[in-house]
Amino acid sequence: MEKHETEIQNQNDIVRIEIGDWLYNAGIVGLMNIISFNNGNPLSDHIKIGDNYIEFNKSLLDGFTDKFFEFAFKFHGKYDSIYKLLKEIQSDIKSLKDNKLEVIAKKYKLNESTEKLIIEKIIQIISQRWKGVAYESFIKIKRSKFKTTEDLSELTNKLINILKENREYFVEKEVQTYLRNFSKQGSFLSLNIKEGQKEQFKKDFETPLLEGTNYIEKKYNCIYCNTRIAKKDTIFSTALVLYQGLNKDARNFTWGFKSKLPLCEICELVYFVHWAGLTKSFKNSTFLFVNDDSSIANLWKSNMLLKNVINNNHRENLLVSYFYELLLNEEKIKSNYYLQNIALVEIDIESNIMPKIMTLNISRNQAYFIKESHEILKSLSTKFFKIKDDYKNLLYEFIYLILNDKINFNFINRLLKFYLQGQEETKNFISTNYNPKEINKIVVLINNYIKNVKHKSINMEKRHIWHIYSLGNDMQKKFIERDARNKINSISYRLLNAVRANDKTTFLNVLLRLYIGFNMEAPKSLVNSLELEENFKIIGHSYVNGLLGQALNEN
């Protein structure tokens, strides 16, 4: 009997959390982030990660309060950024004392390099950052008081000492103030809690969870997980998060006109830590989350990847940048569903507007195309063209066209013209690191896209596209044999212009004159292929690629 009771108790200590809506999923990622924070061991050492759930022993929440506050403190980052700023200013003060005025003036974007202006600028920066009740309770910075290098040095030393000696105070105050932006009420976030924020959190969350002392609603299961008994007086409303959309004024949208809906202690905690699963965006007060609910592992990886994209400062076309990194980081895109199932959620915590959902808009056919073309697409990641100082990555450009459903052969025409211009000494502001043989791989991709995604009637096989390429390559060899390589580029321009204008007559006339000039008969496979209007751009670009590119048996 005693053994049986122990087994039941151990089973009750196992917490299982299953994947759900985007906010709940953010909470799952947040919980995983906090539990693994500063642990030093892999996440899988603490948490069992299933396809659609995580599972861990409740004892893992022992010490959760400290981890929660430290993670939130680092997540906010204001304290660390001020400390870093002050240490950097101390280094600048040393440079000022060494009379390196011009260097410091340039750093702070000042037109004049006088000590007075530099000090005024630095004091202005410090005073802008040393804001808020927690900081100004120690010292309020009046700019007029600090006029010399010695004044500045004394101030930075004083502020650094305040930060060092009162770190725990800043942890509690900053976390309380910061997280109130996400959840307006509840527990230690209440304005009535002036001190002991950690103690309050531990009392309300950690201790009752570990000791099983929460009061429960015996007749209600949790409205969310439906497996655990609801916690007494827990309200599924804006007490959890403002932008969840359910509040006391929304009774008409709830069952039985009840805005107080039962929630268990675990689901309450998951929702409460959703902020820890978000990633800071480039805009103030705005956060991002990738809701990839294909599996827990993908949910975790997708959001770690998002952090990488943000850290690499991809400000423009964030979705394209994310997808670019996704293709590079995935060893193999495993399923169409995986690609179709990604949504990027944007939350502005200072706005009353509901979260913005940005999807990749990948259709089933597009997802299949990407999955099947993954290796070729990945090979484009090292290829670029450069116009002056502006680099354009081929994979990035191609992904942009896919996500906006703008795939067409104008992309090939543009790449070939950049390649030709890059060969001209007079246009050295354009350069490329790809060759026409690699461009022809993109011709094959676009042919597949138009045929299989757009469902347009293109009757071209991959082998025939490369056959046309080889015909162009044979013509290149004839020019080289006659020591007339310098004529290839001008003929390529004429052919490309005809292809772009969809002028099949001009294209065919240029080709026939070429073959007649070399006393050759135009290949029937080439001429016959041009009879079909829809094949013209494929044939035209493939032939030019061969005319300019390497032989098929060359690397």
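What counts, and where the lines are drawn
- Residues numbered from 1 in each chain as written.
- Predicted model: local features only at pLDDT ≥ 70, side-chain atom pairs only at ≥ 80, totals over all residues.
- Heavy atoms only, no water.
- Helix = DSSP H or I, 4+ residues; strand = E, 2+ residues; numbered from the N terminus.
- Buried < 20%, exposed > 50% of the residue type's maximum accessible area, 1.4 Å probe, protein only.
- Contact = heavy atoms within 4.5 Å.
- Core = buried A, V, L, I, M, F, W, Y, C linked by side-chain atoms within 4.5 Å.
- pLDDT = per-residue confidence, 0-100.
- Patch = residues over 30% accessible without salt bridge, like charges linked within 9 Å, V, L, I, M, F, W, Y side chains within 5 Å.
- Areas by Shrake-Rupley, 256 points an atom, 1.4 Å probe, with all protein chains shown as cover.
- Salt bridge = Lys/Arg side-chain N within 4 Å of Asp/Glu carboxyl O.
- Lys, Arg positive; Asp, Glu negative; His and termini not counted.
- Charge placed at Lys NZ, Arg CZ, Asp CG, Glu CD.
- Pairing = 2+ DSSP bridges.
- Expected span 1.5 Å × (residues − 1).
- Phe/Tyr/Trp six-rings, centres within 6.5 Å; stacked < 30°, edge-to-face > 60°.
- Lys NZ or Arg CZ within 6 Å of the ring centre and 35° of its normal.
- Axes fitted to C-alpha atoms, helices over the stretch in contact; angles between N-to-C directions.
- Parallel < 35°, antiparallel > 145°, perpendicular 65-115°, else oblique.
- Left-handed = near helix turned anticlockwise from the far one by under 90°.
- Nonpolar A, V, L, I, M, F, W, Y, C, P; charged D, E, K, R; others polar.

## As for the overall build of the protein
Piece 1. For the protein, the helix and strand inventory stands at 24 helices and twelve strands.
Piece 2. Taking all 555 residues of the protein together, 50% fall into the buried category.
Piece 3. Counting only contacts in the protein whose residues sit at least 6 apart along the sequence, the fraction spanning at least 24 positions is 69%.

## Focus: the nonpolar core
Piece 1. Ile17, Phe64, Phe68, Leu179 and Trp275 are the most contacted members of the largest nonpolar core, which has 86 residues in total.
Piece 2. Top contributing element to this core by residue count: helix H2 (residues 22-35), with ten residues.
Piece 3. Of all hydrophobic cores here, the second largest spans 82 residues; its members include Phe385, Leu401, Ile430 and Phe536.

## Notes on the confidence of the model for the protein
Piece 1. With 85% of its residues at a pLDDT of 70 or more, the protein shows a mean pLDDT of 83.
Piece 2. Averaged pLDDT values for the elements of the protein fall to 42 in helix H1 (residues 2-12) and rise to 94 in helix H21 (residues 488-500).
Piece 3. With pLDDT under 50 throughout, residues 1-10 is counted as low confidence; its partners more than four residues away or in other chains account for zero contacts.
Piece 4. Here residues 246-257 scores under 50 on pLDDT; set against residues more than four positions off or in separate chains, the count is 14 contacts.

## With respect to a positive patch on the surface
Piece 1. A cluster of basic residues, Lys140, Lys142, Lys145 and Lys158, forms a positive patch at the surface.
Piece 2. By secondary structure assignment, the location of Lys145 is in the loop between helix H7 (133-136) and helix H8 (149-165).
Piece 3. By relative accessible area, Lys145 is classed as exposed at 58%.

## Focus: the pairing of strand E7 (residues 286-290)
Piece 1. By the criterion of burial, E7 is predominantly enclosed, with five of the five residues buried.
Piece 2. In E7, alternate side chains face the same way, and those of Thr286, Leu288 and Val290 on one face and Phe287 and Phe289 on the other are all buried.
Piece 3. Relative to E7, strand E6 (residues 279-280) runs antiparallel, the two being bridged by two bridges. If you follow Thr279 over to E7, its bridge partner there is Leu288.
Piece 4. Hairpin connection between E6 and E7: a loop of five residues separates the two successive antiparallel strands, and Ser285 in this loop has a positive phi of roughly 65°.

## Some points on H8
Piece 1. With 17 residues, H8 extends 24 Å from end C-alpha to end C-alpha; this agrees with the ideal 24 Å at 1.5 Å per step.
Piece 2. Every buried residue of H8 is accounted for by Thr149, Leu152, Ser153, Leu155, Thr156, Leu159, Ile160, Ile162 and Leu163.

## A closer look at the packing of aromatic side chains
Piece 1. Tallying each qualifying case throughout the model produces 33 aromatic pairs.
Piece 2. Their ring planes at 90° and their centres at 5.4 Å tell us that Phe138 and Tyr169 sit as a pair that is edge-to-face. Residue Phe138 is located in the loop between H7 and H8, and its partner Tyr169 is located in helix H9 (residues 167-179); the two are separated by 31 residues in the primary sequence.
Piece 3. The class for Phe138 is partly exposed, based on a relative accessible area of 32%.
Piece 4. Members of the aromatic cluster, connected to one another through ring pairs, are Phe37, Phe64, Phe68, Phe69, Phe71, Phe75, Tyr178, Phe201, Phe205, Phe272, Trp275 and Phe287.
Piece 5. Sitting above the plane of the Phe75 ring, Lys280 keeps its charged end 5.6 Å from the centroid.

## Looking at the side chain of Asn214
Piece 1. With respect to the helices, strands and loops of the structure, Asn214 is situated in the loop between helix H10 (197-211) and strand E4 (216-221).
Piece 2. A residue is classified by how much of its surface remains accessible, and Asn214, at 17% relative accessible area, is buried.
Piece 3. Look past the residues within four positions of Asn214 in its chain and what remains in contact with it is Pro208, Leu209, Lys231 and Glu265.

## Some thoughts on the sheet that holds strand E10 (residues 384-387)
Piece 1. Read across the open sheet, the three strands follow the order E11-E10-E12; overall the sheet is antiparallel. Edge strands, defined here as strands with exactly one partner in the open sheet, are strand E11 (390-393) and strand E12 (430-432). Here the strands of the sheet are splayed against their neighbours by 15° on average, with no regard to which way each runs.
Piece 2. Inspection of the sheet shows E10 paired to E11 by four bridges, in the antiparallel sense. Within the sheet, the bridge partner assigned to Phe385 lies in E11 and is Lys392.
Piece 3. Along the sheet, helix H17 (residues 394-403) makes contact with E10 and E11, crossing E11 at roughly 65°.
Piece 4. Contacts between helix H18 (residues 410-423) and the sheet are confined to E10 and E12, with E12 contributing the most and set at about 110° to the helix.

## Description of unusual backbone geometry
Piece 1. Unusually for a residue other than glycine, Lys109 sits at a positive phi of about 55°.
Piece 2. Along the chain, Lys109 turns up in the loop between helix H5 (101-107) and helix H6 (115-129).
Piece 3. Among the residues examined, Lys109 registers a relative accessible area of 75% and is labelled exposed.
Piece 4. Phi angles above zero are rare outside glycine, and Asn226 is one such case at about 60°.
Piece 5. Mapped onto the secondary structure, Asn226 falls in the loop between E4 and strand E5 (229-231).

## A word on the environment of Ile349
Piece 1. Within the element layout of this structure, Ile349 appears in the loop between strand E8 (343-348) and strand E9 (356-359).
Piece 2. Residue Ile349 is classed as buried on the basis of its relative accessible area of 8%.

## Re the pattern of salt bridges
Piece 1. The tally for this structure, following the rule as stated, stands at 16 salt bridges.
Piece 2. For Asp98, the salt bridge goes to Lys94, with nearest N and O atoms at 3.5 Å.
Piece 3. Of the residues examined, Asp98 reaches a relative accessible area of 42% and is grouped as partly exposed.
Piece 4. Between Asp390 and Lys392 there is a salt bridge; the shortest N-O distance is 3.8 Å.
Piece 5. What makes Asp390 partly exposed here is its relative accessible area of 41%.
Piece 6. For Lys392, a relative accessible area of 30% puts it in the partly exposed group.
Piece 7. Each of the salt bridges in this network shares a partner with another, and the network as a whole consists of Arg16, Glu18 and Glu55.

## Regarding the sheet that holds strand E3 (residues 53-57)
Piece 1. A sheet is described by the order of its strands in space; here three strands give the open sequence E1-E3-E2, paired in antiparallel fashion. Each edge of the open sheet carries a strand with a single partner, namely strand E1 (14-18) and strand E2 (48-49).
Piece 2. Here E2 pairs with E3 via two bridges, running antiparallel. Among the inter-strand pairings, Ile49 is bridged to a residue of E3, identified as Ile54.

## Focus on the packing of H17 against H18
Each pair of packed helices can be summarised by the angle the axes make with each other and by the distance between the axes.
Piece 1. Axis separation between H17 and H18 bottoms out at 12 Å; the angle between their running directions is 160°. Taken together, the axes of H17 and H18 are roughly antiparallel relative to one another. Considering only the axes of H17 and H18, their crossing is right-handed. Taken together, the residues of H18 that come into contact with H17 (itself represented by Leu394, Glu397, Phe398 and Leu401) are Phe411, Arg414 and Leu415.
Piece 2. Of the residues assigned to the contact of H17 with H18, the class counts are five nonpolar, no polar and two charged.

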